[in-house]
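Report on the structure
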Amino acid sequence: MQYLGVDLVKPKAAFFDFSSCEGCQLQIANNESNLLDFISLMEVINFREILTGGKDDYEIAFIEGSITRDDEINRVKNIREKTKILVAFGTCACFGGINKLKNKFNDIEWVKKEVYGNYPVETNDKVLAIDEVVKVDFYIYGCPVNKPEVEAIVQSIALGREFRYLKHPVCFRCKEKQNICLYELGKICMGPLTRAGCGARCPSNGNSCIGCRGPAAEPNIEFMKKIMKKNGFTERQIRDKFELFSAFKWEK
Ligand code: SF4
Ligand code: SF4
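Residues numbered from 1 in each chain as written. Chains lettered and ligands numbered in written order. Predicted model: local features only at pLDDT ≥ 70, side-chain atom pairs only at ≥ 80, totals over all residues. Heavy atoms only, no water.

**Things to note about helix 3 (residues 70–82)**
Rule in force here: Helix numbering and strand numbering both begin at the N terminus, where a helix is a DSSP run of H or I of at least 4 residues and a strand a DSSP run of E of at least 2. Helix span is expected to be 1.5 Å times the residue number reduced by one. Here the term buried applies to any residue with accessible area under 20% of the maximum for its type, exposed to any over 50%, and partly exposed to those in between, with areas from a 1.4 Å probe on protein chains only. The arc refers to the directions leading from the helix axis to the C-beta atoms.
Its 13 residues place the ends of helix 3 19 Å apart at the C-alpha level, agreeing with the 18 Å of an ideal helix rising 1.5 Å per residue. Where helix 3 is concerned, the buried positions are Glu72, Ile73, Val76, Ile79 and Arg80. For helix 3, the angular spread of buried residues about the axis comes to 130°, placing them on one side. Helix 3 presents Asn74 and Glu81 as exposed residues on the side facing more than 90 degrees away from its buried surface.

The structure is reproduced here in structure tokens:
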């Protein structure tokens, strides 16, 4: 790889999956048109979805998923010790994601019985985001991550340049695209509060933003809740939107 005509050493990168659907890694693996360009930014030495085998001398570790078991706590700590840069990759890693809905239940044994019956399942009482266990250097938000944004962040890491996260909300991009606001159509939407960067993917296709990328800078949450109520949405409907991805820190 060259930058301004100078040969650069490619950092060695590894991708690891924890409790997740692995959809974020799949976003990269599926990116056939520019997968080779993407991989050319780094020397990918560990990536279960696209490579067999794997080495341990990585410098950048991409962590997908949240932490739900003790062995995962030990594993992510071990990765942190080995890597120079650790990236929380996707909403499960950044916030806990859908998995963290489990934290709302007080009786985990009841949950296990309801979901798995008598099948033996090893799981901790509480789900943790990656930065609740180890230090995280970069966050890549989204469920799943947005490919162009991943490439921009990876490029910044590889070239040692600062990456500037967007601060404005999804709503901003939705207006740019001249979409009809979903509130006009009687739907609830988290776009006014949620960090942009996905191209307003959901409202552009007629679906509510459900806040997967977490809060934009300085979200006015209380005021937005009042607007949601004024538009006829119940406490329950509003809470469901805020709690889905744990990105809005509902537990505080
Ligand atoms: S649909 Fe959602 S994101 Fe789009 S303008 Fe309305 S509130 Fe904002
Ligand atoms: S519109 Fe909202 S829910 Fe949809 S991808 Fe973007 S941030 Fe996530």
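That covers the picture; the talk isn't over yet.
**Structural notes on empty space enclosed by the protein**
Quick note on the threshold: Buriedness for pockets is judged along seven lines, at least five of which must meet protein on both sides within 12 Å for an open set on the 1 Å grid over protein atoms alone, while cavities are sets there where a 1.4 Å probe fits but cannot get out, and lining residues have an atom within 4 Å of a point. Grid points are joined across faces, edges and corners, and a volume is the space filled by probe spheres set on the points. Residue polarity follows a fixed list, in which Ala, Val, Leu, Ile, Met, Phe, Trp, Tyr, Cys and Pro are nonpolar, Asp, Glu, Lys and Arg are charged, and the others, Gly among them, are polar.
A complete count under the given rule lists 1 cavity of 30 Å³ or more for this structure. In this model, the largest cavity occupies a volume close to 100 Å³. Lining the largest cavity are 13 residues, and of these Cys171, Cys174, Cys181, Leu182 and Cys189 sit closest to its centre. Of the residues contributing to the lining of the largest cavity, the split by class is 10 nonpolar, 2 polar and 1 charged.

**Digging into the site of ligand 2**
Where we set the bar: The cutoff for a nearby residue is simple: one of its non-hydrogen atoms must lie within 4 Å of the molecule or strand.
Every residue lining ligand 2 is accounted for by Val170, Thr194, Cys198, Arg201, Cys202, Pro203, Cys209, Ile210, Gly211, Cys212 and Arg213. Across the shell around ligand 2, the residue classes tally to 7 nonpolar, 2 polar and 2 charged.

**Regarding the site of ligand 1**
Operational definition: Think of it this way: if more than half of a molecule's atoms are within 2 Å of a pocket's grid points, that molecule is in the pocket or cavity.
The immediate surroundings of ligand 1 are formed by Cys171, Cys174, Lys175, Cys181, Leu182, Tyr183, Cys189, Gly191, Pro192 and Pro203. Counting atoms within 2 Å of the grid points, the majority share of ligand 1 lands in the largest cavity. Residue composition of the shell around ligand 1, by class: 8 nonpolar, 1 polar and 1 charged.

**Quick word on the sheet that holds strand 3 (residues 12–17)**
As a reminder, the rule being used: One requirement defines pairing of two strands: DSSP has to find at least two bridges between them. Fitted lines through C-alpha atoms give the axes, limited to the stretch in contact for helices. The angle between two N-to-C directions lies from 0 to 180 degrees.
The 5 strands are arranged 4-3-5-6-7 in an open sheet whose pairing can be described as parallel. A single partner strand is all that each edge strand has here, and the edge strands are strand 4 (43–47) and strand 7 (138–140). Ignoring which end each strand starts from, the neighbouring axes of this sheet average 20° apart. Of the strand pairs in this sheet, strand 5 (residues 60–64) and strand 6 (residues 85–89) are connected by 5 bridges, and their pairing is parallel.

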